[in-house]
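# What the coordinates show
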Amino acid sequence: MKYLRIRIITVLCVIGTLLWSCDSLIYSDLKNCPQGVYVKFYSKTPCADDSLFIGSTPSLSVFAFNQEGKLETSVNQQNVNLSRDYEVLVPVSNGNYSFIAWAGINDKFIKKTLTPGVTTKQDLMMVINSNNNIAAKLDSTDKIWNGESPIVYLPDPKEYGSLYEHTAVNLKELTNRVKIIVEFDKTTMKEYDPSKLNVAVYSANGSVRIDGTMPLNNSVLTYPALETKLEDNIGSWYYSMPALKTGYSNILKITYTGKDKEETVFNGDLIASILLRAIDKGVNMDCENDFTVRFLIKDYCAECWTHFSCAVYVNNWLVHSYSSDFEI
């Protein structure tokens, strides 16, 4: 008799669950049933055959935008591991949604305040810290990632109850690392002294919108070198910065302090003058984030010592060469 009573109570509980569950086939009111989308993350460039996974990152923010293009809600997490199996549940319901994810933002950036129902994808997401137009020094491990999912549809819970969909975001890295090398050709140069070289990198790329684009007319920032090495006839400078994109005053300036005056070795757009010319040679900025730009300076007038040629290599590909009339 005791066991029969227990079985009856268990059956009644199951029936009650069916009658009142959001997944029930027999229901009266499901309008408050929860819904959501599980979001996964991967990274795949146009040049890659397979996806990669970012792994450990200091932060992750996932923003859900509704069909009106307004922020619906967001999920923020710290110190996560974006592995193959990692996913985030974003609680949204009844509508079309796209999801924008950001990973890697740390205290070297200022995150903007975002407001549900007001914020759009074109609003600012972050600005790099700076002082007197000198940007914060990013380490080589300070990597920022951004991407957007396809649109996901969730039906009205009043008719369908609880429903959870799945999607994925392809995260593209929005940081670049550049190594500048200036090498004096030993066989042709009369004199050389790498310690007299000065290298400066500028860009107006310090602000980024939620959708990963950059607003125009930003202040031009100076990016400090992470490390400088001078040895024998070679000087090397290492930089890390937000993504380099055309049209944002990406200036590389190399000067040499010679005989009582400063001479220009190179002064031009780091993208237009160098990197974009390397695409046909195997360097693609949509697929690579680390670049080595090497200037090889030779004297082509051994008798006059006043005119020099400069060959430019990007990731070991010869991009172009030009003549320079600076004196050493």
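Described in the following lines is the structure provided in the data block. No experiment lies behind these values; they were computed from the predicted model shown.

Counting secondary structure elements, the protein chain contains three helices and 24 strands. Burial status across the protein chain gives 44% buried among its 328 residues. Total accessible area on the protein chain is roughly 17,300 Å²; 50% of this is exposed by carbon and sulfur atoms.

Side chains bearing opposite charge may pair, as long as their charged atoms lie close to each other. For the structure shown, the criterion picks out ten salt bridges. One connected set of salt bridges, linked through shared partners, spans Lys108, Asp139 and Asp142.

As a further point, take the sheet that holds strand E6 (residues 109-111). Across the sheet, which stays open at both edges, the three strands sit in the order E6-E7-E16 with antiparallel pairing between neighbours. Here the strands that pair on one side only, and so sit at the sheet edges, are E6 and strand E16 (207-209). Sheet twist, expressed as the mean angle between neighbouring strand axes with direction ignored, is 20 degrees. Relative to strand E7 (residues 124-128), E6 is paired through three bridges, and the arrangement is antiparallel. Counterpart to Lys111 in the pairing with E7 is Met126.

All right, on to the packing of aromatic side chains then. Following the criterion strictly, the structure yields four aromatic pairs and no others. Considering the side-chain rings of Tyr38 and Tyr164, the 6.0 Å spacing of their centres and the 50 degrees angle between planes classify their relative orientation as tilted. In this pair, Tyr38 sits in strand E1 (residues 35-42) while Tyr164 sits in strand E12 (residues 163-170), placing the two residues 126 residues apart along the sequence. Residue Tyr164 is classed as partly exposed on the basis of its relative accessible area of 33%.

This part takes up the sheet that holds E1. What the three strands build is an open sheet, ordered E4-E1-E12; its pairing is mixed. The open sheet has two edge strands with one neighbour each: strand E4 (87-90) and E12. The sheet shows a mean angle of 25 degrees between the axes of neighbouring strands, direction not considered. Examined bridge by bridge, E1 and E12 share eight bridges and lie parallel to one another. Pairing of Gly36 across the sheet is with Tyr164, part of E12.

This part is about the layout of surface pockets. Using a probe with the size of a water molecule, rolled over the atoms, empty space left in the structure can be pinpointed. If you add up the space inside the largest pocket, you get close to 480 Å³. If you go around the largest pocket, you meet 28 residues; those closest to its centre are Lys172, Glu173, Leu174, Met285 and Asp286. For the lining of the largest pocket, the secondary structure elements donating two or more residues are strand E10 (145-148) and strand E13 (172-173). The residue makeup of the lining of the largest pocket, split by class, is eleven nonpolar, ten polar and seven charged. Both domains that meet at the lining of the largest pocket, namely domain 1 (32-104 + 143-173) and domain 2 (176-321), each give it at least three residues.

The rules behind the values
Every chain is numbered on its own, with residues counted from 1 as its sequence reads. With pLDDT at 70 or above as the cut-off, local features in this predicted model cover only qualifying residues; side-chain atom pairs require 80 or more to be listed or tallied, and sums for whole chains, interfaces and linings still use all residues. Side-chain figures throughout are based on the complete set of non-hydrogen atoms in the structure, without hydrogens or water. Helix and strand definitions follow DSSP, with helices as H or I runs of at least four residues and strands as E runs of at least two, each counted in order from the N terminus. The cut-offs for exposure are 20% and 50% of the maximum accessible area for each residue type, with area from a 1.4 Å probe on protein chains only; residues under the lower value are buried, those over the upper are exposed, and the others partly exposed. Note on areas: these come from Shrake-Rupley sampling with a 1.4 Å probe, and a residue is covered only by the protein chains present in the view. Salt bridges are counted wherever a side-chain nitrogen of Lys or Arg sits within 4 Å of a carboxyl oxygen of Asp or Glu. A pair of strands is treated as paired once DSSP finds two or more bridges between them. A fitted line through C-alpha atoms serves as each axis, taken over the contacting stretch for helices, and the angle formed by two N-to-C directions is quoted from 0 to 180°. A pair of Phe, Tyr and Trp rings is counted when the ring centres sit within 6.5 Å of each other, with Trp represented by its six-membered ring. The angle between the planes then sorts it: under 30 degrees is stacked, over 60 is edge-to-face, the rest tilted. Cavities and pockets are found on a 1 Å grid laid over the protein atoms alone: a cavity is a set of points where a 1.4 Å probe fits but cannot escape, a pocket is an open set with protein on both sides within 12 Å along at least five of seven lines, and a lining residue has an atom within 4 Å of such a point. Grid points are joined across faces, edges and corners, and a volume is the space filled by probe spheres set on the points. Side-chain classes are defined by residue name, with Ala, Val, Leu, Ile, Met, Phe, Trp, Tyr, Cys and Pro counting as nonpolar, Asp, Glu, Lys and Arg as charged, and the others, Gly among them, as polar. Each domain's extent was defined by an automatic or database domain assignment.

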